[in-house]
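Here is how the chains run, residue by residue.
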Amino acid sequence: MNFLEERILKDGIVKPGNVLKVDSFLNHQMDIGLMEEIGREFHRRFSDKQVTKVLTIEASGIGIACFVAREFGVPMVFAKKSKSINIEGDVYVAEVESFTHKNRNQVVVSKKFLSPEDHVLIIDDFLANGCALQGLISIVESAGATVEGLGIVIEKGFQMGGRVIRNLGYHLESLAIVDAMDPETESITFREQPVG
């Protein structure tokens, strides 16, 4: 069992509807020591890649992606869920559906922050149905940039997102893969992953 799985078992809360609450340490209140460890682990797993940018989506991915970008020594860019007056000029746009919020959003990234020369590592907190990742992939590809890999903190292995992304041929690394959750017993089953 890795450091993240241990923390999920200790502080995660299983709710009905396939919801895993980790807001006490990951995506509302953040444990900075844990974030540093997550950043180091993603750097280790993608150390053979030529990463020039880290890309995520607002809001929960931002803090995590900052720690990853710091490890690589590169800028972090986040896709905004609505175009604001602060974004000048042309943008890359993708439509994504949120499993958690049960809604669809257009996400945008200013064209001045992604170029064909970029090698992008996409980072997010959760992977359920894969829509957010597919939207971010389409933004990177619209820019003519290269997707070097995708890093997920927690993948819901019992949902289709991970399978879809892997079947598309992308290098996907999830720090913890939850294969089953039971809100009645509050049990969580993790997928065995190779230790490296």
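Each remark here, short or long, concerns the structure printed above.
Residues numbered from 1 in each chain as written. Predicted model: local features only at pLDDT ≥ 70, side-chain atom pairs only at ≥ 80, totals over all residues. Heavy atoms only, no water.

1. Structural notes on the side chain of E41
Thought 1: Position of E41 among the secondary structure elements: in helix α2 (residues 32–45).
Thought 2: At a separation of 2.8 Å, a polar atom in the side chain of E41 contacts the side chain of R45.
Thought 3: Excluding anything up to four places from it in sequence, E41 contacts F3 and L175. (Helix = DSSP H or I, 4+ residues; strand = E, 2+ residues; numbered from the N terminus. Polar contact = N/O pair within 3.5 Å; in protein donor to acceptor, adjacent residues only side chain to side chain. Contact = heavy atoms within 4.5 Å.)

2. A closer look at unusual backbone geometry
Thought 1: In this chain, E58 is followed by A59 through a cis amide linkage whose omega measures 5°.
Thought 2: Examined against the element boundaries, A59 turns out to sit in the loop between β3 (53–57) and α3 (60–72).
Thought 3: Despite not being glycine, N18 shows a phi value in the positive range, around 60°.
Thought 4: As for its placement among the helices and strands, N18 is situated in the loop between β1 (13–15) and β2 (19–21).
Thought 5: One non-glycine residue, E186, adopts positive backbone phi at about 55°.
Thought 6: Tracing the sequence through the fold places E186 in the loop between β9 (172–182) and β10 (187–190).

3. Some details on the pairing of β10
For a regular strand, side-chain orientation follows a simple rule: the groups alternate between the two sheet faces.
Thought 1: The side-chain alternation of β10 yields one buried face, formed by I188 and F190, and one unburied face, formed by S187 and T189.
Thought 2: When β9 meets β10, the two strands line up antiparallel, connected through four bridges. Looking at the pairing, M181 lines up with I188 of β10.
Thought 3: Connecting β9 to the next strand, β10, in antiparallel fashion are four residues, including E186 with a positive phi near 55°. (Buried < 20%, exposed > 50% of the residue type's maximum accessible area, 1.4 Å probe, protein only. Pairing = 2+ DSSP bridges.)

4. So, the pairing of strand β4 (residues 76–79)
Thought 1: Going residue by residue along β4, you find V77 and A79 tucked away on one face and M76 and F78 left uncovered on the opposite face.
Thought 2: With four bridges connecting them, β3 and β4 associate as parallel partners. For I57, the partnering residue across the bridge sits in β4 and is A79.
Thought 3: The handedness of the β3 to β4 crossover, carried by α3, is right-handed. (Right-handed = clockwise from strand over helix to strand, strands pointing away.)

5. Quick notes on the sheet that holds strand β8 (residues 146–156)
Note on sheets: strands pair through backbone hydrogen bonds, and any given pair is parallel or antiparallel.
Thought 1: Taking strand neighbours across the sheet as the criterion, the six strands line up as β4-β3-β7-β8-β9-β10 in an open arrangement whose pairing is mixed. Each having just a single partner strand, β4 and β10 make up the two edges of the open sheet. Geometrically, the sheet is characterised by an average inter-axis angle of 25° between neighbouring strands, direction not taken into account.
Thought 2: As paired strands, β8 and β9 are joined by six bridges and run parallel to one another. Bridge pairing links E155 to I177 in β9.
Thought 3: Sheet strands touched by α3: β3, β4, β7 (119–127) and β8. Its angle to β3, the strand with the most contacts, is close to 170°. (Axes fitted to C-alpha atoms, helices over the stretch in contact; angles between N-to-C directions.)

6. Observations concerning the environment of G161
Thought 1: Locating G161 in the fold gives a position in helix α5 (residues 161–167).
Thought 2: Classification of G161 as buried rests on a relative accessible area of 0%.
Thought 3: Sequence-distant contacts of G161, defined by excluding residues within four places in its chain, comprise L127, A128, N129 and G130.

7. Re the pattern of salt bridges
Note that side chains of opposite charge can pair when their charged atoms are close.
Thought 1: A full pass over the atoms with the stated rule returns 12 salt bridges.
Thought 2: D11 serves as the salt-bridge partner of R7, at 2.7 Å between the closest nitrogen and oxygen. Remark: D11 and R7 occur in helix α1 (residues 3–11); sequence separation between them is four residues, near one turn of the helix.
Thought 3: Given the relative accessible area of 22%, D11 is considered partly exposed.
Thought 4: One salt bridge connects R7 with D31, and the closest N-O pair in it is separated by 2.6 Å. Of this pair, R7 sits in helix α1 while D31 is found in the loop between β2 and α2, placing the two residues 24 residues apart along the sequence.
Thought 5: Taken together, the salt bridges that share partners define one network made up of R7, K10, D11 and D31. (Salt bridge = Lys/Arg side-chain N within 4 Å of Asp/Glu carboxyl O.)

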